[in-house]
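Architecture at a glance
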Amino acid sequence: MKKLLKTTLLCAALAAGTVLAAPAIAQDSVNLPNLSYRTGPFASTGIPLMNGQRDYMMMLNERDGGMNGVTLGYEECETGYNTEKGVECYEKTKATGIVTQPWSTGITLQVLPKSNVDKIPVLAPGYGFSAMQDGKTFQWAFNPPASYWDGANMILQAISDGNLDSLKDKKIALLHLDHPYGKEPIPLFEQAAEKHGFTLLPIPVGLKEMQNQSAQWLQIRRERPDFVLMWGWGAMNAGAITEAVKTKYPMNQFVGIWWSGHDGDMKVSGEAAKGYRAISWSLPNSQAPAMQDIKKHIVDAGKSMIDQAGGEFDWVFYQRGVLISAMLAEGVKVAQEHFDAKVINAEQLRWGLENLKFDEARIAELGLEGMIPPFSTSCADHTGHSGAWMIEWDGTKFNKVSELLTADRAAIDPLVETAAKEYAAANAPWPINEECKM
Amino acid sequence: MNLVEGIFVKPFQDMFGAPDFLIQVLWEGLVAGVLYALIALGFVLIYKSSRIFNFAQGIMVVFAALTLVGLYEKGVPALLALPLTLVVMFLLAVAIERVVLRPLVNQPDIILFMATIGITLFLIGFGEIIFGGENKVMITEQLFIPTGSFTFEPFGGFVSIEQKDLTAVIGAVLLVAGLILFLNKSKMGRAIRALGDDHQAALSVGISLSTIWVLVWFIAGVIALATGIVWGARAGVSFALEVIAFKALPVLMLGGLESVPGAIIGGLAIGILEKLFEIYWGQPLLGGNTETWFAFVFALIVLLFRPQGLFGEKIIERV
């Protein structure tokens, strides 16, 4: 009852906050909308991420009075991870927002052409279309600190101990959501399969089959792949882990992308899923100064929506949400300083996101030590290629089990170039940033 | 391998070449089929007694399962949480009858159908406010549902049967048997059937429409709870469970909207056939994921020959 009351009050406060904040936005705020998904089949993935994003922004407002005296207006528009609703949210928020955070590869692909016309930066950290790396072609789109093609390449390095040729004659299954997100790594894997001589076996999972993947895992039992890689989201992750346990597939040969490494999903299988690994560009560090500030100003003050009893504060996804907001807030700060302006506009934020510098010193200054690898963006590189770590489920939580892996740019860049050219040609006339000389 | 061989020869070679695997496929199909049948039964019962296509059946599965797990998380012992969840589902049935259905008596079917969409939206919002949208672990062990597996080694291979799947099948069979017994032997059950056969005649002999509506919505709630426990035990309890209700649509097309045996046989047929098709034809020839459409295509083919479904009533209207 206490939680119900708390949640209701928070919802009311959030709604009231949005209404009350509206007149102030033009004065001393920047509006940073988030196309969130706290409802629907993917809510279990979305909730901790959105909570992390929201709490970091609120913490900056509480602790520092915003960014350089400007309130960071965090506003959610619920999409339910539905592409049509996502586009509606984009249209609804574009008038006042200086950024759009689409939170789905499907929505990202839909708003990508619009962002050129509306001149609003699309921020899709660790998701979206991998070719968004090419900042000259995708001037308004950003996917720091690593793309799906980075993730795919790093997973291949991890399972081959850095020697991709050792995968020759092996069979690798790609269990993926039958959705633009799930299909995104396929070109990279196909290219690697051809080059290094392994067999790629894509196994799609439909939305309605997410919780009943027996057919997919029967195929895995029949095909006996050497590795199963997973591009799962929401309920698909828990469904796959459960089936893997049931099929007795060796957990140390089962590896997921960063959206398939969620504490909430793993708890369904608990101990039985021990040994499952995922690649992750973020690590939880609850003792980091920024996290402690969130605890002090937001969580302990009763302003957070997290499930404290369930340990959400320590989850990989909650703290990844924090990092995503940290990237955005840093983009605002960089832009403010460069343009010597307090209330920046979308075009100025685009410059800020294009000049992010998360080096060791800045990460420490932000109080995010050990949570994210260093990376920086430029007008030519909108990803930053931070690298990532392998994390492993020990039955109760994820632990880091590898040194920092970095993606092989030589394998990825030609694919990016081709995909970017194809995209620009298919959407001609498509503006290219000729001013970028990098 | 040419296409003809892939369609007519290879699948059967695979079946006979690895009979243990075929048994596993059939078992998985049977389990899925039983679950589809359960969901379809929820639709059939309500349609039979009130001519309402209950769009809210999927969310009722989620709501029932979340209530059970939510009560347990609040400290209620599992064995007490179960009857308490049934009480909640009964209260929900009463509320739906009083607030939604009673004011809409005699309205066109489409209005009532739209009302069930309203119920769906309400339960999504209400459920999320109370329980949150996070994935929750079903209290399988606390409900004494066994979680191990039996492994057999027929034909030199192996077949693994999850004890919770076996429990689900047995539980579903008992539930359906009890339901059939109730519908055929009890006074209230006969009243439901009478209402399904002829509304006016049933009302004229004193059968209370509101009582029956509460009863069928409550039974649909019980079925939703059983379905929620079984599906939730597989991959957790979350709002993603709602989408499984769509799997019941081809079952209803196949079995007929008003037939209890149709829902059961339709569910089993679709569960087994879609699994066989996916494994032996879909994955090798079409790249897999045929389960998303196979059942609909199969039901459509059946409808071409039997427009009323396998067990539906043939309606002849004079013009």
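Computed from a predicted structure; not experimentally measured.

Concerning the overall build of chain B
Along the backbone of chain B there are 13 helices and 2 strands. Here the C-alpha atoms of chain B give a radius of gyration of 21 Å, agreeing with the 20 Å that 2.2 N^0.38 yields for 319 residues. In terms of overall dimensions, chain B has C-alpha extents of about 65 × 60 × 35 Å along its principal axes. Split into buried and exposed, the 319 residues of chain B put 46% on the buried side. Contacts in chain B between residues far apart in sequence, at least 24 positions, make up 74% of those at least 6 positions apart.

Observations regarding the sheet that holds strand β8 (residues 254-256) of chain A
All names here are of chain A. Across the sheet, which stays open at both edges, the 7 strands sit in the order β6-β5-β7-β8-β9-β12-β13 with mixed pairing between neighbours. Of all the strands in the sheet, the pair left with one neighbour each is β6 (199-205) and β13 (398-400). Across this sheet, the average inter-strand angle for adjacent strands is 25°, counted without regard to direction. As paired strands, strand β12 (residues 389-393) and β13 are joined by 3 bridges and run antiparallel to one another. Considered in β13, the bridge of W393 is made with F398. Helix α5 (residues 148-159) contacts β7 (227-231), β8, β9 (277-280) and β12 of the sheet and is inclined by roughly 135° relative to β9.

Digging into the nonpolar core
With 230 residues, the main nonpolar core has A40(B), A65(B) and V216(B) as its most contacted residues. Per-domain counts for this core show at least three residues from each of domain 1 (2-148 + 284-389 + 417-426) and domain 2 (149-283 + 397-407) of chain A. Here A65(B) is in contact with M138(B), G228(B), I229(B), G232(B), V237(B) and L241(B), once residues within four sequence places are set aside.

Brief notes about the pairing of strand β5 (residues 171-177) of chain A
Residue and element names in this part refer to chain A. The element β5 is largely enclosed, with a buried count of 6 among its 7 residues. Looking at chain direction, β5 and β6 are connected through 7 bridges and run parallel. The residue of β6 that forms the bridge with L174 is P202. As judged from the 5 bridges shared by β5 and β7, these two strands associate in the parallel manner.

Focus on the domain arrangement of chain A
Much of the literature gives interface size as the accessible area that the parts lose upon coming together. All names here are of chain A. Here chain A is partitioned into domain 1 (2-148 + 284-389 + 417-426) and domain 2 (149-283 + 397-407). Taking only C-alpha atoms, the centre of domain 1 and the centre of domain 2 are 26 Å apart. Counting residues at the interface gives 33 residues for domain 1 and 35 residues for domain 2. In terms of residue count, helix α12 (residues 316-339) provides more of the side of domain 1 that touches domain 2 than any other element does, 5 residues in total. Of the residues contributing to the side of domain 1 that touches domain 2, the split by class is 18 nonpolar, 14 polar and 1 charged.

Procedures and definitions
What you see as residue numbers is a count from 1 along each chain, following the sequence as written. Chain A is the first chain written and ligand 1 is the first ligand written, with later ones labelled in order. This being a predicted model, a pLDDT of at least 70 is required before a residue's local features are given, and a value of 80 or more before pairs of side-chain atoms are given or counted; all residues contribute to the totals for chains, interfaces and linings. Only DSSP runs of H or I reaching four residues or more are called helices, and only runs of E reaching two or more are called strands; each is numbered from the N terminus. Every radius of gyration here is taken over C-alpha atoms, with the globule rule written as 2.2 Å times N^0.38, N being the number of residues. Exposure in this text rests on C-beta crowding, where 20 or more other C-beta atoms within 10 Å of a residue's own make it buried, 12 or fewer make it exposed, and counts in between make it partly exposed. The C-beta atoms are placed from the backbone. Note on contacts: residues are paired as contacts if their backbone-placed C-beta atoms lie within 7 Å. Two strands qualify as a pair provided that DSSP identifies no fewer than 2 bridges between them. Between the N-to-C directions of two axes lies an angle of 0 to 180 degrees, each axis being a line fitted to C-alpha atoms and, for a helix, fitted only over the stretch in contact. By convention the nonpolar core is taken to be a set of buried residues drawn from Ala, Val, Leu, Ile, Met, Phe, Trp, Tyr and Cys and joined through C-beta atoms within 7 Å. The domain boundaries here were taken from an automatic or database domain assignment. Charged residues are taken to be Asp, Glu, Lys and Arg, nonpolar residues to be Ala, Val, Leu, Ile, Met, Phe, Trp, Tyr, Cys and Pro, and polar residues to be all remaining types, Gly included.

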